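This is what each chain is made of:
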Amino acid sequence: MNENLPPCPKCSCEYTYEMNALVVCPECGHERVPAESGADAGGPAERVVRDSVGNVLTDGDTVVVVKALKVKGSPSGIKAGTKVRGIRLVEGVDGHDIDCRIDGFGAMQLKSSVVKKG
């Protein structure tokens, strides 16, 4: 294990570990990208995720789907106006930066360009 990893910024746990490109805390589950050496002088640059109308999204927000979405393997897609509660912002694939659970569909990832803060 690497002895030079900083403690978790949320719970101050000293047992953080690397997983791929992230530093993970085993106690609270907080995941973050490790800071580059010398980048701490100005503080970590936080990634800002905006919805389709420009509002800043944060973890735990409630959003509304603004356009109908097709879902593979489902005869009906997600209708415009569907409310999604408790989103989580992630570094997704192909621009899918919201991890969420939608009633009737289960867990999935959405693009921030197809939702608005609600």
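**Student:** In this structure, what is going on with the overall build of the protein chain? I would like to understand it.
**Tutor:** For the protein chain, the helix and strand inventory stands at zero helices and eleven strands. In the protein chain, the order of α-helices and β-strands from amino to carboxyl end is β-β-β-β-β-β-β-β-β-β-β. Buried positions account for 26% of the 118 residues belonging to the protein chain. Restricting the contact set of the protein chain to residue pairs at least 6 apart, pairs at least 24 apart contribute 35%.

**Student:** Any chance you could explain the sheet that holds strand β11 (residues 115-117) here in plain terms?
**Tutor:** The strands making up a sheet associate through hydrogen bonds between their backbones, and the pairing can be parallel or antiparallel. Spatially, β7-β6-β11 is the arrangement adopted by the three strands of the open sheet, whose pairing is antiparallel. The sheet terminates laterally at β7 (83-84) and β11, the two strands that pair on one side only. Sheet analysis places strand β6 (residues 63-65) next to β7, joined by two bridges and oriented antiparallel. Note that in β7 the partner of V63 across the bridge is V84.

**Student:** It is not clear to me how unusual backbone geometry should be interpreted in this structure. Could you clarify?
**Tutor:** The phi angle of most residues is negative, glycine excepted, and most peptide bonds adopt the trans form. Its identity is not glycine, yet S12 carries a phi of approximately 65°, on the positive side. Note on placement: S12 falls in the segment before β1 (17-19). Even without glycine at this site, D94 takes up a positive phi of about 55°. The topology assignment puts D94 in the loop between β8 (88-89) and β9 (96-102). Residue classification places D94 among the exposed residues on the basis of a relative accessible area of 65%.

The rules behind each value
Residues numbered from 1 in each chain as written. Predicted model: local features only at pLDDT ≥ 70, side-chain atom pairs only at ≥ 80, totals over all residues. Heavy atoms only, no water. Helix = DSSP H or I, 4+ residues; strand = E, 2+ residues; numbered from the N terminus. Buried < 20%, exposed > 50% of the residue type's maximum accessible area, 1.4 Å probe, protein only. Contact = heavy atoms within 4.5 Å. Pairing = 2+ DSSP bridges.

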